[in-house]
Amino acid sequence: MDISVVIPLLNEKESLKELYDWIAKVMQSNHFSYEIIFIDDGSTDGSWDIISNLSQQDDNVKGIRFLKNFGKSQALHAGFEKALGEVIITMDADLQDNPDEIPELHNMIVNNKFDLVSGWKKKRFDNKLTKNLPSKLFNWAARKTSGVKLNDFNCGLKAYHNDVVKNIDVNGEMHRYIPVLAKNAGFTNIGEKVVKHQARKYGETKFGMERFINGFLDLITIWFISRFGKRPMHLFGALGVIMFIVGISFAAYLGVDKLFFNPDGRLITQRPQFYIALVTMIIGTQFFVAGFLGEIILTAKRNKKRYLIKNELNF
Ligand SMILES: Nc1nc2c(ncn2[C@@H]2O[C@H](COP(=O)(O)OP(=O)(O)OP(=O)(O)O)[C@@H](O)[C@H]2O)c(=O)[nH]1
Ligand SMILES: [Mg+2]
């Protein structure tokens, strides 16, 4: 199969039929073999009825329905698990992503050998203040921390080689950082394509301003995991040692001063250095313990898949 189109959605009933017709038209005129996987993530507006109708009329349409809303990342993960195509295309269900981009994205993966191609909504039809500006900031921070040079991380329209989606674990709200997950898994050939973006035609937005806060928190997580996820002790141990040395130096200074130079001076507990020593030593120890716990947790899940094999011969 050439292409799997994976479409996570929440309450988009007005758009689904139109989207399906458009994708089917593009696929047929390019003679692709394809499937369209709709993942209904707990919609309450009857989106699922439309999906099941479509799937009865057309075998290329497949549907997954979640019991309740689990989030876009979970939906993408479910779609990725099922996808059979050589190229996987993800797109939003609200008609903001243009199916006419599919042939070129397919071409970039198959012929130009990209692992992943991310859409770039260069010209956006969104509110400048609430969307465009925060989004610029967000993308800048994501570029800096991840080292992946993309202009638009959050674009729903992306294309992947099958190997990529089968080997990354999209969880939490990590759908914004799939290129980073891919890079961390060893798929470094990441491209970008300017895509047409439309204003939302039906329905309403599902992500409010909290997306930016959650997005930044996820970014910190992903930075931490990719930097220290395998060796937490390298971060926590170093911090702990530094803190502890600072603390013990203050304590030593106080002790020596009290014993030899200034026995009749203020009580040690009345001096500010005492509290600095106390706090830094306690925090230092805690950092150390956090590092150890991290290492223990990692050792405990050694049975999980830790590496990806690219080729195998004669098996
Ligand atoms: N599976 C799943 N999909 C979701 C969820 N929330 C939103 N989506 C889908 O993700 C896509 C993008 O969501 P939108 O609300 O359009 O976000 P946006 O495009 O950044 O915002 P607008 O420009 O206002 O449309 C749409 O296809 C939604 O149906 C969710 O919780 N689960
Ligand atoms: Mg949208």
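The residue numbers shown here count from 1 along each chain, following its written sequence. In the order they appear in the text, chains get letters beginning with A and ligands get numbers beginning with 1. Selection of residues for local features in this predicted model requires a pLDDT of at least 70, selection of side-chain atom pairs for listing and counting requires 80 or more, and totals for whole chains, interfaces and linings are taken over all residues.

Chemist: Help me out: how do you make sense of the domain arrangement of the protein in this one?
Modeler: Interface extent is often summarised as the accessible area lost during association of the parts. The split of the chain into domains comes from an automatic or database domain assignment. Split into domains, the protein comes out as domain 1 (3-228) and domain 2 (232-300). A straight line from the C-alpha centre of domain 1 to that of domain 2 covers 48 Å.

Chemist: How should I be thinking about the site of ligand 1 in this particular structure?
Modeler: For each residue, a C-beta atom is placed from the backbone, and the residue is labelled near a molecule or strand when this atom is within 6 Å of it. Taken together, 20 residues lie around ligand 1, and Pro8, Asp41, Ala75, Thr205 and Lys206 are the ones closest in. Those elements that provide at least two residues to the shell around ligand 1 are strand E1 (3-9) and helix H3 (72-82). For this classification, Asp, Glu, Lys and Arg are treated as charged, while Ala, Val, Leu, Ile, Met, Phe, Trp, Tyr, Cys and Pro are nonpolar and the rest, including Gly, are polar. Classifying every residue of the shell around ligand 1 by side-chain character gives seven nonpolar, five polar and eight charged. Secondary structure elements follow DSSP: runs of H or I of four or more residues count as helices, runs of E of two or more count as strands, with numbering from the N terminus.

Chemist: Even after reading the chapter, I still don't get the nonpolar core, so can you show me in this structure?
Modeler: Note that soluble globular proteins tend to have their nonpolar side chains buried in a common cluster. Only buried Ala, Val, Leu, Ile, Met, Phe, Trp, Tyr and Cys residues enter a nonpolar core, and they are joined through C-beta atoms within 7 Å. Partly exposed residues are those whose C-beta has more than 12 but fewer than 20 other C-beta atoms within 10 Å; with 20 or more the residue is buried, with 12 or fewer it is exposed, and the C-beta atoms are placed from the backbone. By size, the foremost hydrophobic cluster in this structure holds 59 residues, and its most contacted members are Val5, Val6, Ile7, Ile36, Ile88 and Ile89. Contacts are defined on C-beta atoms placed from the backbone: any two residues whose C-beta positions lie within 7 Å are in contact. Residues in contact with Ile88, not counting those within four places in the same chain, are Ser4, Val6, Phe80, Ala83, Ala159, Tyr160, Asn162 and Val165.

Chemist: Is there a simple way to explain helix H2 (residues 47-57) in this structure?
Modeler: Here H2 has its buried residues at Ser47, Ile50, Ile51 and Leu54. With its buried residues spanning 100° around the axis, H2 presents them on a single face. Contacts from the buried residues of H2 go to E1, helix H1 (13-29), strand E2 (34-40) and strand E3 (61-65). Along the arc lie the directions from the helix axis toward the C-beta atoms.

Chemist: Just checking my understanding: could you explain unusual backbone geometry for this structure?
Modeler: If a residue is not glycine, its phi is most likely negative; likewise, a peptide bond is most likely trans. Unlike most non-glycine residues, His31 shows phi in positive territory, near 55°. For His31, a count of 8 C-beta atoms within 10 Å gives the class exposed. For Leu95, which is not glycine, the phi torsion reads 70° and is therefore positive. Among the structural elements, Leu95 can be located in the loop between strand E4 (87-90) and helix H4 (102-110).

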